[in-house]
Amino acid sequence: AEVGAARRDLARRFGLEGDACERLLPRKYVRLALALAALATRQGIVHLHAHFASRAGHVAALAAGLCGCPYSITARSTRSATTAPTNRSPLAAAT
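Residues numbered from 1 in each chain as written. Predicted model: local features only at pLDDT ≥ 70, side-chain atom pairs only at ≥ 80, totals over all residues. Heavy atoms only, no water.

Peer 1: Break down the confidence of the model for the chain for me, with residues and values.
Peer 2: When pLDDT is averaged along the chain, the result is 85, and 79% of the positions lie at 70 or above. Mean pLDDT across the elements of the chain ranges from a minimum in helix α2 (residues 18-24), with 90, to a maximum in helix α3 (residues 27-43), with 96. (pLDDT = per-residue confidence, 0-100. Helix = DSSP H or I, 4+ residues; strand = E, 2+ residues; numbered from the N terminus.)

Peer 1: Please set out the nonpolar core residue by residue, giving values where relevant.
Peer 2: In this structure, Leu-10, Leu-16, Leu-25, Val-30, Leu-48 and Leu-62 are the most contacted members of the largest nonpolar core, which totals 24 residues. Elements that contribute at least two residues to this core include exactly α1 (2-14), α2, α3 and α4 (55-67). No other element matches α3, which puts 6 residues into this core. Residues in contact with Leu-25, not counting those within four places in the same chain, are Arg-7, Leu-10, Ala-11, Leu-16, Ala-20, Val-30 and Leu-62. (Core = buried A, V, L, I, M, F, W, Y, C linked by side-chain atoms within 4.5 Å. Buried < 20%, exposed > 50% of the residue type's maximum accessible area, 1.4 Å probe, protein only. Contact = heavy atoms within 4.5 Å.)

Peer 1: Can you explain the packing of α1 against α3? Please cite residues and give values.
Peer 2: As a packed pair, α1 and α3 sit with axes 9 Å apart at the nearest point and diverge in direction by 95°. As far as their axial angle goes, α3 and α1 are roughly perpendicular. Facing Glu-2, Val-3, Ala-6, Arg-7 and Leu-10 of α1, the residues of α3 in contact are Arg-27, Val-30, Arg-31 and Leu-34. The residue inventory of the contact of α1 with α3, partitioned by class, reads 5 nonpolar, no polar and 4 charged. (Axes fitted to C-alpha atoms, helices over the stretch in contact; angles between N-to-C directions. Parallel < 35°, antiparallel > 145°, perpendicular 65-115°, else oblique. Nonpolar A, V, L, I, M, F, W, Y, C, P; charged D, E, K, R; others polar.)

Peer 1: Outline the pattern of salt bridges, listing residues and values.
Peer 2: Counting across every chain of the model gives 4 salt bridges. For Glu-22, the salt bridge goes to Arg-7, with nearest N and O atoms at 3.4 Å. Taken as a pair, Glu-22 in helix α2 and Arg-7 in helix α1 lie far apart in primary sequence, 15 residues in all. Exposure remark for Glu-22: the relative accessible area of 48% places this residue in the partly exposed category. With a closest N to O distance of 2.9 Å, Arg-13 and Asp-9 form a salt bridge. (Salt bridge = Lys/Arg side-chain N within 4 Å of Asp/Glu carboxyl O.)

Peer 1: Provide a residue-level description of the environment of Ala-75, including the pertinent values.
Peer 2: As for its placement among the helices and strands, Ala-75 is situated in the segment after β2 (71-73). Assessed through its relative accessible area of 51%, Ala-75 is described here as exposed. Here the alpha-carbon distance between Ala-75 and Ser-54, two residues 21 residues apart in the chain, equals 8.5 Å.

So, in structure tokens, the structure goes:
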């Protein structure tokens, strides 16, 4: 139930619907993001950073959306130079 509620909240925050919601908010990633957001909140972490524009970056973006802190990503993917995130992607908001 908690994952479903978090997915709905994130979909609303990022303006996602239908297929985009399914692709960008997989339950497995949202579950990880919930744990990271809870840890960040408990520890007083005010900025999340991921060293890869992959699962780590995706989860950091979702966790930041859940706990309200900013995040950044180091783009180390071989595709990063040719594939930009869409403005509907959670990754598009990275600082």
